[in-house]
Amino acid sequence: MAMKFLSALMALMAQIMPKSAPHVAQQIIQLSLSHGMSPASPLGFVHLGSYIANLGDIRGGYNYVKLARSLLDKLGFRENAGEVIGVHTQVVSYVEPLQATLEYHDEGYAAAMAAGDIIQASHNKIFGYIAIFYAGVKLQKTREKGDEVIKFMQERQVGAHLIPTQCIQNSVLKLIGIDEDPKHASAEEEKIFATNNGVKSTHCFQKLYISFMFRLYDETKANAEVFLACIASSTWTNLFVSQSFRTFYIGLVSFWVARSSSDREQWHERGHKSKLALRKWAETSQWTFENKWFLLEAEEAFCNGNFDQAKLYYEKAVTSAEIHKFVHEEALACELAAYFYLEIGDVINAAEYCLRAHERYQEWGAIGKCTSLFEFFGSVMNGCVASSPTNANNVQP
């Protein structure tokens, strides 16, 4: 009875008093070690592992979540299996190759549904969808997965998970080249958006992401400011895969803005912090994070006027993304390298990197992005677009 109470209390604390949740996880572990394992025991180990990882000790947290997962398998505890697998997979993704973890959330979903736990089934659905998007799975397949997840959320009326899924799906569609008008939000959805900071932050980040991907400078800067204000009040104690990718894109945006903004130092510092975070994550998963760290190194060098170092790190970022099978990030590294070479007047290298970026975006299925990239560079090569940030389309290299 005490363990059931503590597991329910931990879930509540995670929402209303996140800083207290680790203490509840410790209580579950202490009771488990003193009186024997129970169905709630894996929850204590997996959440404590997630908290430890979020504090920066990825390896330490990884050991705890692996222990939690082994308890499920060895002792046959399935009551909370969906939650344990979901939290476990988020941490494991910081150590094992991201592509290798994509099926874990399917297992978590199946376990949650078997236990009648719709909330944890929904968590695994959306976590899995986010992971395949960030892993660079071909966009048509990602779109199909998104449609499947949205249908599930609608049928189960899980609004807090439906809205973020729709936000991400809108980004997928824009990259593919389908620009649908956003659907009118219901009163219930408006309420969720206004009161749930996690939902709001996803919405803000996706606006930031898509404006960055289509090189809309003013929109990107404004969206970044809104997103940063949104996450300033975030109190999550768990570690999520999305944190690393948000950090990556905030870094890229920050160095871009720093090159053109009057408040250069503030943006440069944000970019530098992001770079340091990716460098640390690359220590535990070279496969997933090395190329991202290299690209931030390149962008910082570009920002600092260290062009030789920038050239070196752009090429390292491209090569690492190719080796580790992140086709979308290989495309992005090529694109940003092309803008760099264009800025320093090396049109030949700019054209070569642009063509390679176009090929990789096309391979990913981002036809809308291909069109935008081709139109921009076509105009530049023809001398039809000025390099000033005040060009008519508000598009910048």
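Residues numbered from 1 in each chain as written. Predicted model: local features only at pLDDT ≥ 70, side-chain atom pairs only at ≥ 80, totals over all residues. Heavy atoms only, no water.

Quick look at empty space enclosed by the protein
Phase 1 of the analysis: Inspection of the entire model under this criterion finds one cavity of 30 Å³ or more.
Phase 2 of the analysis: When its volume is computed, the largest cavity comes out at roughly 40 Å³.
Phase 3 of the analysis: Around the largest cavity sit F133, Y134, Y209, F245, Y249, H328, E329 and W364, which together line it.
Phase 4 of the analysis: Elements supplying a minimum of two residues to the lining of the largest cavity: α7 (118–134), α13 (241–258) and α17 (327–343).
Phase 5 of the analysis: For the lining of the largest cavity, the class distribution of residues is six nonpolar, one polar and one charged. (1 Å grid on protein atoms, 1.4 Å probe; cavity = no way out; pocket = protein on both sides within 12 Å on 5 of 7 lines; lining within 4 Å. Points joined across faces, edges and corners; volume = space filled by probe spheres on them. Helix = DSSP H or I, 4+ residues; strand = E, 2+ residues; numbered from the N terminus. Nonpolar A, V, L, I, M, F, W, Y, C, P; charged D, E, K, R; others polar.)

Section: the side chain of E290
Phase 1 of the analysis: Topologically, E290 is positioned in helix α15 (residues 286–304).
Phase 2 of the analysis: In terms of polar contacts, E290 uses its side chain to reach the side chain of S320, at 2.7 Å.
Phase 3 of the analysis: With residues up to four places along the chain from it excluded, the contact list for E290 reads A282, S285, S320 and H324. (Polar contact = N/O pair within 3.5 Å; in protein donor to acceptor, adjacent residues only side chain to side chain. Contact = heavy atoms within 4.5 Å.)

Topic: α13
Phase 1 of the analysis: When the terminal C-alpha atoms of α13 are compared, their 26 Å separation across 18 residues agrees well with the 26 Å that a helix rising 1.5 Å per residue should span.
Phase 2 of the analysis: Within α13, 17 of the 18 residues are buried, leaving the element largely enclosed by the surrounding structure. (Expected span 1.5 Å × (residues − 1). Buried < 20%, exposed > 50% of the residue type's maximum accessible area, 1.4 Å probe, protein only.)

Concerning the nonpolar core
Phase 1 of the analysis: Counting residues in each nonpolar core, the largest one holds 118 residues, and the members touching the most others are L175, L332 and Y361.
Phase 2 of the analysis: With twelve residues, α17 is the single largest residue contributor to this core.
Phase 3 of the analysis: Not counting residues up to four positions away in its chain, the partners in contact with Y361 are M213, H328, A331, L332, E335, A366, K369, C370 and L373. (Core = buried A, V, L, I, M, F, W, Y, C linked by side-chain atoms within 4.5 Å.)

Regarding a nonpolar patch on the surface
Phase 1 of the analysis: Together, L33, M37 and L75 make up an exposed nonpolar region whose accessible area comes to about 280 Å².
Phase 2 of the analysis: Counting through the fold element by element, L75 comes out in helix α4 (residues 58–75).
Phase 3 of the analysis: For L75, a relative accessible area of 41% puts it in the partly exposed group. (Patch = residues over 30% accessible without salt bridge, like charges linked within 9 Å, V, L, I, M, F, W, Y side chains within 5 Å. Areas by Shrake-Rupley, 256 points an atom, 1.4 Å probe, with all protein chains shown as cover. Salt bridge = Lys/Arg side-chain N within 4 Å of Asp/Glu carboxyl O.)

Side note on the packing of aromatic side chains
Phase 1 of the analysis: Across all of its chains, the model carries 29 aromatic pairs by this definition.
Phase 2 of the analysis: Pairing W293 with F294 gives two aromatic rings, centres 5.0 Å apart and planes at 35°, and the pair type is tilted. Both residues of the pair, W293 and F294, count as buried.
Phase 3 of the analysis: Ring geometry for F307 and F340: centres 5.7 Å apart, planes at 70°, overall edge-to-face. Remark: F340 occurs in helix α17 and F307 occurs in helix α16 (residues 307–323); sequence separation between them is 33 residues.
Phase 4 of the analysis: According to the relative accessible area criterion, F307 is partly exposed, its value standing at 34%.
Phase 5 of the analysis: Pairwise contacts between aromatic rings join F133, Y134, F205, Y209, F212, Y217, F227, F245, F248, Y249, W256 and W364 into one cluster.
Phase 6 of the analysis: In this structure, K292 packs its charged tip against the face of F326, placed 4.2 Å from the ring centre.
Phase 7 of the analysis: Across the ring face of F214, the terminal group of K369 is positioned such that the distance to the ring centre comes to 5.9 Å. (Phe/Tyr/Trp six-rings, centres within 6.5 Å; stacked < 30°, edge-to-face > 60°. Lys NZ or Arg CZ within 6 Å of the ring centre and 35° of its normal.)

Some remarks on the packing of helix α3 (residues 41–54) against α4
Phase 1 of the analysis: Direction vectors running N to C along α3 and α4 enclose 165°, while the axes themselves pass 7 Å from each other. With respect to their mutual orientation, α3 and α4 come out roughly antiparallel. Considering the relative orientation of α3 and α4, their crossing is left-handed. For the pair α3 and α4, contact is made by P42, F45, V46, L48, G49, S50, I52 and A53 and by I58, G60, G61, Y64, V65, L67, A68, L71 and L72, respectively.
Phase 2 of the analysis: Here the residues of the contact of α3 with α4 sort into 13 nonpolar, four polar and no charged. (Axes fitted to C-alpha atoms, helices over the stretch in contact; angles between N-to-C directions. Parallel < 35°, antiparallel > 145°, perpendicular 65-115°, else oblique. Left-handed = near helix turned anticlockwise from the far one by under 90°.)

Side note on the pattern of salt bridges
Any two side chains of opposite charge can pair, given that their charged atoms come close.
Phase 1 of the analysis: All told, the structure shown has 17 salt bridges when counted by the stated rule.
Phase 2 of the analysis: A salt bridge links E107 to R69; the shortest N-O distance between them is 2.4 Å. Pair noted here: E107 is in helix α6 (residues 104–114) and R69 is in helix α4, with a separation of 38 residues, a long-range link.
Phase 3 of the analysis: Of the charged contacts, one joins K369 and E335 as a salt bridge, the two residues approaching to 2.7 Å between their closest N and O atoms. With K369 in helix α19 (residues 367–381) and E335 in helix α17, the pair connects residues that are 34 residues apart, well separated along the chain.
Phase 4 of the analysis: K369 sits in the buried class, given a relative accessible area of 1%.
Phase 5 of the analysis: Looking at E335, the relative accessible area reads 1%, which means it is buried.
Phase 6 of the analysis: Linked by salt bridges that have partners in common, E322, E330, R356, E359 and R360 make up one network.

Focus on helix α2 (residues 21–35)
Residues separated by three or four positions in an α-helix point in the same direction, a consequence of the helix having 3.6 residues per turn.
Phase 1 of the analysis: Taking 1.5 Å per residue, 15 residues should reach 21 Å; α2 reaches 21 Å between its end C-alpha atoms and fits that length.
Phase 2 of the analysis: Regarding α2, the residues found buried are A21, P22, V24, A25, I28, I29 and S32. Angular distribution of buried residues about the axis of α2 spans 160°; they occupy a single face of the element. Set apart from the buried face of α2 by more than 90 degrees, the exposed residues are H23, S34 and H35.
Phase 3 of the analysis: Immediately downstream of α2, the backbone of G36 shows phi near 105°, a positive value. (Arc of directions from axis to C-beta.)

Overview of unusual backbone geometry
Phase 1 of the analysis: A positive phi angle, close to 55°, is found at Q157, a residue other than glycine.
Phase 2 of the analysis: Within the fold, Q157 resides in the loop between α8 (139–156) and α9 (159–176).
Phase 3 of the analysis: Exposure remark for Q157: the relative accessible area of 70% places this residue in the exposed category.
Phase 4 of the analysis: You will see that K325, though not glycine, has its phi angle at about 70°, which is positive.
Phase 5 of the analysis: Following the sequence through the fold, K325 ends up in the loop between α16 and α17.
Phase 6 of the analysis: By relative accessible area, K325 is classed as exposed at 58%.

Keep in mind these values describe shape, not function.
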